[in-house]
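If you want the building blocks of each chain, they are given just below.
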Amino acid sequence: MTKELGSDKISVAFCCLGNICRSPMAEAVMRNAAGDMKLTHLISEIDSFGTSGFHAGDGPDRRTIQTCLSNGVPVNHVSRQVRLSDFDKFDYIFAMDRENLEDLKYMQPRGSKAKIMLFGAYSEDAKMDKIIKDPYYGGPDGFQSNFRQLDHFSRTFLKRLATGTA
Ligand code: 4NP
């Protein structure tokens, strides 16, 4: 049977190292963009996790909270490490940088369903860095650039999802 274009809900997860800075921000930004674009019906679940469990049980970094709130985006998440079951739970797992991407690919059970990609693959701005750099040891500017990248990549992904070209 042919499926109607864009009729299937998909699930997405974001992955960074600690799951306190970039990936909880990504989750919040994607949820906000889907609401703005009236496309929440296309997504069943949005989650995030880290390749490490260094900060498991912690809330987002205060700089992630500040950056999200200053851009009008609520953020709420409890950090956890990636689990093997995540590779069959999510349709897409988006890595923030190349190290996250390589770690995820190394862990992925053979035959599991998740498509693992660098989130920056969803860019339509040649000048924008595709790598969402680790902001942990830097200043607030790093978090603000992370936010701008995540907003652009989220809107590009959602637009393509809506047109069946994700
Ligand atoms: P994230 O940032 O991967 O974007 O959550 C980091 C958070 C914590 C550490 C490194 C990066 N850490 O080394 O504790």
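Treat the numbers as computed from the prediction; the structure is a model and nothing was measured.

Draft legend 1. Molecular detail of the packing of aromatic side chains. Within this structure, the stated rule accounts for eleven aromatic pairs. Between tyrosine 92 and phenylalanine 157, the aromatic rings sit 5.2 Å apart at their centres with planes inclined by 80°, giving edge-to-face as the arrangement. Of this pair, tyrosine 92 sits in strand β3 (residues 92-95) while phenylalanine 157 sits in helix α5 (residues 140-162); the two residues are 65 residues apart in sequence, bridging distant segments of the chain. By relative accessible area, phenylalanine 157 is classed as buried at 0%.

Draft legend 2. Geometry of the packing of helix α1 (residues 22-36) against α5. Axis separation between α1 and α5 bottoms out at 9 Å; the angle between their running directions is 45°. Overall, the two elements α1 and α5 adopt an arrangement that is oblique. Crossing handedness for the pair α1 and α5: right-handed. Touching Arg22, Met25, Ala26, Val29, Met30, Asn32, Ala33, Ala34 and Asp36 of α1 are Phe143, Asn146, Phe147, Leu150, Asp151, Ser154, Arg155, Phe157 and Leu158, all from α5. Partitioned by chemical class, the residues of the contact of α1 with α5 number eleven nonpolar, three polar and four charged.

Draft legend 3. Region of the structure containing the state of the cysteines. Across all of its chains, the model carries zero disulfides by this definition. The thiol sulfur of cysteine 15 is not disulfide-bonded, and the nearest other cysteine sulfur, from cysteine 16, lies at 6.4 Å. Since its relative accessible area comes to 0%, cysteine 15 is described here as buried. For cysteine 16, a relative accessible area of 2% corresponds to the buried category.

Draft legend 4. Inspection of α1 at higher detail. Between its first and last C-alpha atoms α1 spans 21 Å; for 15 residues at 1.5 Å apiece the expected length is 21 Å, and the two agree. Judged by how many residues are buried, α1 sits mostly within the fold: eleven of 15 residues are covered. For α1, every residue scored as buried is listed here: Arg22, Ser23, Pro24, Met25, Ala26, Glu27, Ala28, Val29, Met30, Ala33 and Ala34. Among the structural elements, β1 (10-16), β2 (43-50), α2 (62-70), α4 (98-107) and α5 are those in contact with the buried residues of α1. A positive backbone phi angle near 55° is found at lysine 38, which sits one or two residues after α1.

Draft legend 5. How the structure looks around the sheet that holds β3. Strand order across the open sheet formed by four strands is β2-β1-β3-β4, with parallel pairing between neighbours. Both outer strands of the open sheet, β2 and β4 (115-118), are each paired with one neighbouring strand and no more. Pairwise comparison of adjacent strand axes, ignoring direction, gives a mean angle of 20° for this sheet. Here β1 pairs with β3 via four bridges, running parallel. Its bridge partner lying in β3, cysteine 15 is registered against alanine 95.

Draft legend 6. Highlighting the pattern of salt bridges. Under the definition given, this model contains twelve salt bridges. Notably, a salt bridge pairs arginine 80 with aspartate 86, separated by 2.9 Å at the nearest N-O pair. A single burial state applies to arginine 80 and to aspartate 86, both of which are buried. For glutamate 124, the salt bridge identified is with lysine 159, shortest N-O distance 2.8 Å. Of this pair, glutamate 124 sits in the loop between β4 and α5 while lysine 159 sits in helix α5; the two residues are 35 residues apart in sequence, bridging distant segments of the chain.

Cut-offs applied
Residues numbered from 1 in each chain as written. Predicted model: local features only at pLDDT ≥ 70, side-chain atom pairs only at ≥ 80, totals over all residues. Heavy atoms only, no water. Phe/Tyr/Trp six-rings, centres within 6.5 Å; stacked < 30°, edge-to-face > 60°. Helix = DSSP H or I, 4+ residues; strand = E, 2+ residues; numbered from the N terminus. Buried < 20%, exposed > 50% of the residue type's maximum accessible area, 1.4 Å probe, protein only. Axes fitted to C-alpha atoms, helices over the stretch in contact; angles between N-to-C directions. Parallel < 35°, antiparallel > 145°, perpendicular 65-115°, else oblique. Left-handed = near helix turned anticlockwise from the far one by under 90°. Contact = heavy atoms within 4.5 Å. Nonpolar A, V, L, I, M, F, W, Y, C, P; charged D, E, K, R; others polar. Disulfide = S-S within 2.5 Å. Expected span 1.5 Å × (residues − 1). Pairing = 2+ DSSP bridges. Salt bridge = Lys/Arg side-chain N within 4 Å of Asp/Glu carboxyl O.

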